[in-house]
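Descriptive analysis of the structure
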There are 2 protein chains.
Amino acid sequence: MTVDRGTRPARRAVPSSRPPGVDLAPDADGGEESASRPVPEATVARLAVYLRVLTSLLADGRGTVSSEELAAAAGVNSAKLRKDLSLIGSSGVRGVGYDVSRLTAEVEATLGLDSPHAVALVGVGNLGHALARYGGFAQRGFPVAALFDVDPALVGTVIDGVEVQHADAIDVVCAARGVTIGVVATPAEAAQRVCDHLVSAGVRSILNFAPTVLSVPAGVEVRKVDLAVEMQVLSFHVARRHGTVPAAGPAAPSRPTPREVFSR
Amino acid sequence: MTVDRGTRPARRAVPSSRPPGVDLAPDADGGEESASRPVPEATVARLAVYLRVLTSLLADGRGTVSSEELAAAAGVNSAKLRKDLSLIGSSGVRGVGYDVSRLTAEVEATLGLDSPHAVALVGVGNLGHALARYGGFAQRGFPVAALFDVDPALVGTVIDGVEVQHADAIDVVCAARGVTIGVVATPAEAAQRVCDHLVSAGVRSILNFAPTVLSVPAGVEVRKVDLAVEMQVLSFHVARRHGTVPAAGPAAPSRPTPREVFSR
DNA sequence: AGTTGTGAAATGATTCACAGCC
DNA sequence: GGCTGTGAATCATTTCACAACT
């Protein structure tokens, strides 16, 4: 993709002095929370992708993989993959590669997939309903332990063996069932309130599908999936290609608001 | 959130020589495709978020906003917001702020939302069905122009006024209806094939919900939404908090594969 | 020979802090 | 006085390239 920029000046020869280097960090989670996080966020997201590839290799009975092959399958640069894996303290064998089953276990352990995480899903509307029935969650170690909504027509119904309860019960039920991850699939207006309830029930990780910025106390992790954003980013690329964009100069486009595409 | 790191050594006084600085890039899309992209990817994603806030401000009849307020509502740093907006050539007024309706129009224009983009959705299973009925797409200027699946039980059914057609027709129908964005919501196994069909139909932007890495020719933009990845990233944070992670040292955890949480 | 692990360079993104302008 | 626009500093991430090891 990127054009080869030709030969670049060689780096100066390596000085023989080997710097100390800590090799493996002493670990031991220093502070309560934000003190030390040796594994960067970007790496964590990629680990999940590596895991998917590893699992399929494992199913194929493959014993080892090289960083090159694994990286290609995951769609990343091999150096990046090696660095990622070195960060979680994994060890491949030089000249050979990584042991597939061992690496799989290491990645799973790092991601905390040793034990399942009970998930609460709030908002069983269109999207929420599909998510609840979407096998993906339970299948992958994230059993849906509770469903909530405010619609009386939905409360009491059973989806995939789980009864929908009223959102007022979030605090109690989540705490009782040991929910660790909350999924918000409500309309934007309700999202913050729902989020607050989840937090007060002790949920520290939230996946937000509602098109709003959730504010949470420090120590609570929110990840966002916003379909409108994704579509609009793609729209940007379409426009770029077609040259539709009015050459982002200082002058504003003449038309003030062509169409109110964005309603709420 | 972040603790104030106290007074930092003052930057050295600004030397009076003002460097040339290009101010506004000469623009004019140099090469065919990867040559120049003045707006960074990260900014584009945030523009969509700003737009949401702007729209709601517009609905409230607000005339102007300050970068501070807009940034707070979008959940970002105000300097970042100002830099983002300066990149798209917008102009606020010093001492006043940004004109809401004008800024809205500028962001919309940059994102290419002037005209709607016809969307094709492939895979009308659990998730795909919900996406098709999810008003979010059409409502925001991304009308679903075509639906595809391979399941004979689904082909021929009508969802929200659009008939589901067989996936074999992707090439023809997409080209005919001027589809510019494709959404892949099939199982992983079918995703690459579907993607190839979309590409050969001229679709240059793809939103992928299938848990696979799609390979596409240069010039095609793929964005990925992977629920398993999101959940696993959250799982990582849960584990970090609880200290469940077995101290990522060089020694592997004793158990080889605790549970096959990841099936396919 | 083949492949990992990793300093160090390169690139990219974010934040600071202040000049310039209304 | 208030607020934008932006160079420069800081921070994060990616990539390179090669020594170390099997």
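The following refers to the structure shown. (Residues numbered from 1 in each chain as written. Chains lettered and ligands numbered in written order. Predicted model: local features only at pLDDT ≥ 70, side-chain atom pairs only at ≥ 80, totals over all residues. Heavy atoms only, no water.)

Here's the deal with the nonpolar core
Counting residues in hydrophobic clusters, the biggest one holds 98 residues, and the most contacted among them are Leu111, Leu131 and Leu147 of chain A together with Leu111, Leu131 and Leu147 of chain B. When residues no more than four places from it in sequence are discounted, the contact partners of Leu111 of chain B are Gln232, Ser235 and Phe236 of chain A together with Val44, Leu47, Ala48 and Leu51 of chain B. Membership of the second largest hydrophobic core comes to 23 residues, among which are Ala146, Phe148, Ala210 and Leu214 of chain A. (Core = buried A, V, L, I, M, F, W, Y, C linked by side-chain atoms within 4.5 Å. Buried < 20%, exposed > 50% of the residue type's maximum accessible area, 1.4 Å probe, protein only. Contact = heavy atoms within 4.5 Å.)

Regarding the sheet that holds strand S4 (residues 144–149) of chain B
All names here are of chain B. Pairing within the open sheet is mixed, and its 7 strands lie in the order S5-S6-S4-S3-S7-S8-S9. Each edge of the open sheet is held by one strand with a lone partner, namely strand S5 (158–159) and strand S9 (221–224). Across 2 bridges, S5 lies against strand S6 (residues 162–166) in antiparallel orientation. Across the sheet, the residue bridging to Ile159 is Val162, located in S6. (Pairing = 2+ DSSP bridges. Helix = DSSP H or I, 4+ residues; strand = E, 2+ residues; numbered from the N terminus.)

Details of the sheet that holds strand S9 (residues 221–224) of chain A
Strands pair in a sheet through their backbones, by hydrogen bonds, and they do so in one of two ways: parallel or antiparallel. Residues and elements named next belong to chain A. Read from one edge of the open sheet, 7 strands run S5-S6-S4-S3-S7-S8-S9, paired in mixed fashion. Taken across any chain shown, the strands that pair with only one partner, and hence form the sheet edges, are strand S5 (158–159) and S9. With 4 bridges connecting them, strand S7 (residues 181–184) and strand S8 (residues 205–208) associate as parallel partners. Residue Val184 lies in a different strand from S8, and its bridge partner there is Asn208.

Comments concerning the pairing of S9 of chain A
All names here are of chain A. Only one face of S9 is buried: it carries Glu221 and Arg223, and the other face, with Val222 and Lys224, is open. Bridging between S8 and S9 involves 4 bridges; their strand directions are parallel. The residue bridging Ser205 from the neighbouring strand is Glu221, located in S9.

Section: unusual backbone geometry
Look at Asp160 of chain A: it is not a glycine, yet its phi comes out positive at around 55°. Mapped onto the secondary structure, Asp160 of chain A falls in the loop between S5 and strand S6 (162–166).

Considering the environment of Val162 of chain B
Residues and elements named next belong to chain B. With respect to the secondary-structure elements, Val162 resides in strand S6. The sequence separation of Val162 and Ala146 amounts to 16 residues, and the corresponding C-alpha distance is 6.6 Å. With residues near it in sequence (within four places) discarded, Val162 still touches Val144, Ala145, Ala146, Leu147 and Thr157.

Examining the pattern of salt bridges
Counted by the stated rule, this structure contains 14 salt bridges over all chains. We note a salt bridge from Asp84 of chain A to Arg46 of chain A, for which the minimum N-O separation is 2.7 Å. Placement of Asp84 of chain A in helix H3 (residues 78–87) and of Arg46 of chain A in helix H1 (residues 41–59) is noted, with a sequence separation of 38 residues between them. On the basis of relative accessible area, Arg46 of chain A is assigned to the buried category, the value being 18%. Across the salt bridge formed by Asp226 of chain B and Lys224 of chain B, the nearest N and O atoms sit 3.8 Å from each other. Since its relative accessible area comes to 34%, Lys224 of chain B is described here as partly exposed. Residues joined by salt bridges that share partners form a network here, namely Glu41 and Arg223 of chain A together with Glu230 of chain B. (Salt bridge = Lys/Arg side-chain N within 4 Å of Asp/Glu carboxyl O.)

Quick notes on helix H4 (residues 100–110) of chain A
Within H4 of chain A, 9 of the 11 residues are buried, which leaves it mostly tucked inside the rest of the structure. Buried residues belonging to H4 of chain A abut H1, strand S1 (64–65), helix H2 (67–74), H3 and strand S2 (98–99) of chain A together with helix H9 (227–242) of chain B. Between the side-chain oxygen at the start of H4 of chain A and the backbone nitrogen of Ser101 of chain A there is a gap of 3.2 Å, and the oxygen is on Asp99 of chain A. After H4 of chain A finishes, the residue Gly112 of chain A shows a positive phi value of roughly 75°. (Polar contact = N/O pair within 3.5 Å; in protein donor to acceptor, adjacent residues only side chain to side chain.)

So, the packing of H1 of chain A against H3 of chain A
All names here are of chain A. At a minimum axis separation of 10 Å, H1 and H3 run at an interaxial angle of 100°. Comparing the axis directions of H1 and H3 gives the class roughly perpendicular. On the side of H1, the interface is formed by Thr43, Arg46, Leu47 and Tyr50, while H3 contributes Lys80, Leu81, Asp84, Leu85 and Leu87. (Axes fitted to C-alpha atoms, helices over the stretch in contact; angles between N-to-C directions. Parallel < 35°, antiparallel > 145°, perpendicular 65-115°, else oblique.)

Description of the packing of helix H2 (residues 67–74) of chain B against helix H3 (residues 78–87) of chain B
Residues and elements named next belong to chain B. Where H2 meets H3, the axes come as close as 8 Å, and the angle between the chain directions of the two elements is 105°. It follows from the interaxial angle that H2 and H3 lie roughly perpendicular. Contacts from Ser67, Glu68, Leu70 and Ala71 in H2 reach Ser78, Leu81 and Arg82 in H3. For the contact of H2 with H3, a count of residues per class yields 3 nonpolar, 2 polar and 2 charged. (Nonpolar A, V, L, I, M, F, W, Y, C, P; charged D, E, K, R; others polar.)

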